[in-house]
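Understanding the architecture of this molecule
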Amino acid sequence: MSWKKHSWAGWGRVQSATGELARPERSAALAPLATEAPAIGNCRSYGDAALVSEGRAITMTRLDKILLFDEADGVIHVEAGATIADLARILAPKGFLPAVMPGTGFATIGGCIAMDVHGKNHHGAGSFGQHVTEITLASGKVLTPDDPLFKATVGGLGQTGPIASAKLKLLRAKVDVMMVTERRAETLESFLDRLDESEATYTVGWIDATATGEALGRGILEEGETGAGLVPPAKRGRKVPFNAPGWALAAPVVRLFNKLYYGRVPAAGRTLVKPIDDFFFPLDRIHDWNKLYGKKGFHQFQCVVPVTARGTLRSMLEAIATSGLASPLAVLKRMGPGRAGHLSFPMEGYTLAVDFRNRTGTRGLISELIAEAKAAGGRIYFAKDSVARAEDIPGMYPELAEWAEAVNAGDPEHHYETDLTKRLSLRSAK
Ligand SMILES: Cc1cc2nc3c(=O)[nH]c(=O)nc-3n(C[C@H](O)[C@H](O)[C@H](O)COP(=O)(O)OP(=O)(O)OC[C@H]3O[C@@H](n4cnc5c(N)ncnc54)[C@H](O)[C@@H]3O)c2cc1C
């Protein structure tokens, strides 16, 4: 297997790396590489989680076979390079879905485990790793949930070595379409109340991150249930052919867009039937949508804060709305307590995610937001971060030292470090 020189970037296109990549086609070719370098998936992490500057990484995307599907038990054994969207497409007609799906179908199973991703059903179903029954590392080691290394691997940022395959417990659901109810929330308080009260299986909120004054924190709550029957025609994917010019996301344009977007849902709410992909992976329909932010790319800030920290969310939204830096992509969601690894992001509370074009002032604003999240007893998400400093992390992730000890014991020469783990000195935690 040969290593080839490449330059690649995180999804936000602010951070990039030049190094060597190997792209094994068969699992037999993976094993000999497995002690040399970390694995990466489809690089859907926004910052530097999947980057290895001046180093090596193994791209797993060609190792995407389904090894076994046990329909009676609802368990699938799949290679780590398979994507969530592929699994959903194959499984839905058979009456199953991956139990947890992040907001992009391009995420690989390896990437979902290594970030212990969450979906729109986190409040009820917990995190991805809670539905993983077995992990096979490329070294041949097989981990089950009671193995201490399992907790270091799930949410473990690839630092226990490449994951070759995993067994996933699936959700049984007859699903051709999603039934989606959209309701406006006029203020932040009413939005949070509705999130708390919602009994829907899937919930997600779009928030107008440019609204100020009485409208601060207004948005649209989407509640979804799986449905069977009518299948609306699939819409064709679109591509962004070039980097968008700077004015495309200038503050007045975003404010106007948000106003119209908010207004498109009638005051009394509405219920729609949507194709599965449109509900779970709404942004995937526009390929390369990350180019809409122009050549300089963008940052995403995502935090989770405890339910008692409503005041922190208000203060964050005030800072965001008055900065003029927010984009229309902003999400507010309720999380449950479910998490499966030492470094899993989820905790009971509210998660806020906002995209910001990379401009003067953006990093400073995100640094302030990180400090606020930490002071409130919350944490930031490694899959999205590109701004935090090493000193920001320990209080946010109380099991960091335990995790570092476990991964350093298995990889004393630090072959699996990535730009993210180095930037945040994660493996030096004591
Ligand atoms: C539009 C969009 C929406 C998103 N929505 C959500 C969401 O709703 N919820 C959520 O939780 N996340 C969300 N994400 C983040 C995304 O799910 C994660 O970043 C995920 O890890 C991406 O998977 P990937 O295969 O691209 O992994 P990469 O980004 O390539 O890698 C991520 C990490 O996984 C490790 N890794 C990858 N494959 C392996 C392997 N086989 N073995 C060991 N380690 C491995 C890498 O070393 C790295 O540390 C979203 C991202 C986008 C772009």
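All of the points below concern the structure found in this document. Note that the structure is a prediction, hence the values are computed from the model and not measured. (Residues numbered from 1 in each chain as written. Predicted model: local features only at pLDDT ≥ 70, side-chain atom pairs only at ≥ 80, totals over all residues. Heavy atoms only, no water.)

1. Thoughts on the side chain of glutamate 182
Turning to its location among the elements, glutamate 182 is positioned in strand E11 (residues 177-185). Exposure remark for glutamate 182: the relative accessible area of 0% places this residue in the buried category. A polar contact of 3.5 Å, which involves the side chain of glutamate 182, links it to the side chain of arginine 264. Excluding anything up to four places from it in sequence, glutamate 182 contacts Ile220, Leu221, Glu222, Arg264, Val265, Gly269, Arg270, Leu272 and Lys274. (Helix = DSSP H or I, 4+ residues; strand = E, 2+ residues; numbered from the N terminus. Buried < 20%, exposed > 50% of the residue type's maximum accessible area, 1.4 Å probe, protein only. Polar contact = N/O pair within 3.5 Å; in protein donor to acceptor, adjacent residues only side chain to side chain. Contact = heavy atoms within 4.5 Å.)

2. Here's the deal with the site of the ligand
Close to the ligand lie 34 residues, the nearest being Ala39, Ser45, Thr108, His118 and Tyr381. At 2.6 Å, a side-chain N or O of threonine 108 approaches an oxygen atom of the ligand. In the model, an oxygen atom of the ligand is placed 3.2 Å from a nitrogen or oxygen of the leucine 157 main chain. Within the complex, 96% of the 950 Å² of free accessible area of the ligand lies under protein. When contributions to the shell around the ligand are tallied by element, the ones reaching two or more residues are strand E3 (39-40) and helix H3 (109-114). Of all the elements, H3 adds the most residues to the shell around the ligand, at three residues. (Near = heavy atom within 4 Å. Areas by Shrake-Rupley, 256 points an atom, 1.4 Å probe, with all protein chains shown as cover.)

3. Some points on the pairing of E11
In the sheet, E11 pairs with strand E13 (residues 219-227) via nine bridges, with the strands oriented antiparallel. Paired with threonine 181 across the strands is glutamate 223, a residue of E13. Looking at chain direction, E11 and strand E15 (residues 270-275) are connected through six bridges and run antiparallel. Paired with glutamate 182 across the bridge in E15 is arginine 270. (Pairing = 2+ DSSP bridges.)

4. Description of the sheet that holds E11
Hydrogen bonds between backbone groups are what pair the strands of a sheet, and the pairing can be parallel or antiparallel. What the eight strands build is an open sheet, ordered E15-E11-E13-E12-E18-E19-E17-E20; its pairing is antiparallel. Either end of the sheet is taken by a strand with one partner, and the two such strands are E15 and strand E20 (379-380). Where helix H7 (residues 251-263) meets the sheet, it contacts E11, strand E12 (202-207), E13 and strand E18 (326-335), and its direction lies at approximately 45° from that of E18. Sitting on the sheet, helix H9 (residues 310-323) is in contact with E12, strand E17 (298-305), E18 and strand E19 (349-357), with an inclination near 10° to E19. (Axes fitted to C-alpha atoms, helices over the stretch in contact; angles between N-to-C directions.)

5. A closer look at the nonpolar core
Within the largest apolar cluster, 110 residues are counted, with the highest numbers of intra-cluster contacts made by Ile109, Phe128, Leu332, Leu352, Phe356 and Phe382. Not counting chain neighbours up to four residues away, the residues in contact with isoleucine 109 comprise Val78, Glu79, Ala80, Ala82, Ile84, Leu87, Phe128, Ala166 and Leu168. Among the nonpolar cores identified, the runner-up in size contains nine residues, and Ala17, Leu21, Ile40 and Ala57 belong to it. (Core = buried A, V, L, I, M, F, W, Y, C linked by side-chain atoms within 4.5 Å.)

6. A word on the pattern of salt bridges
Tallying each qualifying case throughout the model produces 29 salt bridges. One continuous salt-bridge network, built from bridges that share partners, spans Glu189, Asp193, Asp196, Arg310, Arg334 and Glu348. (Salt bridge = Lys/Arg side-chain N within 4 Å of Asp/Glu carboxyl O.)

The analysis is restricted to geometry; functional conclusions fall outside its scope.
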